[in-house]
Amino acid sequence: MKKTQNYVMRQVIDEFVLVPRGEAAERINGTMTLSETAAFIYEHLEAVKTSEEMAELLGQEYHISSKEVLEDVQEVLDFLEKNEAMTW
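Residues numbered from 1 in each chain as written. Predicted model: local features only at pLDDT ≥ 70, side-chain atom pairs only at ≥ 80, totals over all residues. Heavy atoms only, no water.

Enquirer: So what's going on with the overall build of the chain? Residues and values would help.
Expert: Assigned secondary structure in the chain consists of 4 helices and 5 strands. Element order for the chain, N to C, with α for helix and β for strand: β-β-β-α-β-α-α-α-β. Its C-alpha atoms give the chain a radius of gyration of 13 Å, near enough to 12 Å, the size a compact globule of 88 residues would have. Each principal axis of the C-alpha atoms in the chain carries an extent, and together these give about 40 × 30 × 20 Å. Within the chain, the proportion of its 88 residues that are buried is 35%. In the chain, of all internal contacts separated by at least 6 residues, the share reaching a separation of at least 24 is 46%. Accessible surface for the chain amounts to roughly 5,700 Å². Of this, 47% is attributable to carbon and sulfur atoms. Across the chain, the centroid of the 8 positively charged side chains sits 8 Å from that of the 18 negatively charged ones. (Helix = DSSP H or I, 4+ residues; strand = E, 2+ residues; numbered from the N terminus. Rg over C-alpha atoms; globule rule 2.2 N^0.38 Å. Buried < 20%, exposed > 50% of the residue type's maximum accessible area, 1.4 Å probe, protein only. Contact = heavy atoms within 4.5 Å. Areas by Shrake-Rupley, 256 points an atom, 1.4 Å probe, with all protein chains shown as cover. Lys, Arg positive; Asp, Glu negative; His and termini not counted. Charge placed at Lys NZ, Arg CZ, Asp CG, Glu CD.)

Right under this line is the structure:
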């Protein structure tokens, strides 16, 4: 998995925000607010190759079973891909 160059993530107080940049800023109106978990996933996109590996990494970080979070991880990855923030 790989982040695209369309966004940069910023932390504003206790919120994580994806801000469009470059050509994406011309096409995309506004920012996207991410949950802490979604921000963790975004930050670690390039550390793993599959959604299962991401679920394992997330599970280790939050001390939960990767099986419990796999569906949520996939939803976040789908959201990021749909909004051109990542590629496989």
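Picking up where we left off.
Enquirer: Mind laying out unusual backbone geometry, listing which residues take part and the relevant values?
Expert: Phi at I13 takes a positive value of approximately 55 degrees, unusual for a residue other than glycine. Looking at the element boundaries, I13 is found in the loop between β2 (7–12) and β3 (15–20). The phi dihedral of E84 falls on the positive side, at around 60 degrees, and the residue is not glycine. Note that E84 resides in the loop between α4 (66–82) and β5 (86–87).

Enquirer: Could you give me a rundown of the sheet that holds strand β4 (residues 32–34), with the residues and numbers involved?
Expert: Here we have 3 strands laid out as an open sheet, ordered β2-β3-β4, and antiparallel in their pairing. Each of the sheet's edge strands pairs with one partner strand only, and the pair in question is β2 and β4. For this sheet, the mean angle separating the axes of adjacent strands, direction not counted, is 30 degrees. Of the strand pairs in this sheet, β3 and β4 are connected by 3 bridges, and their pairing is antiparallel. Bridging across to β4, V17 finds its partner in T33. (Pairing = 2+ DSSP bridges. Axes fitted to C-alpha atoms, helices over the stretch in contact; angles between N-to-C directions.)

The values are spatial; any link to function lies outside them.
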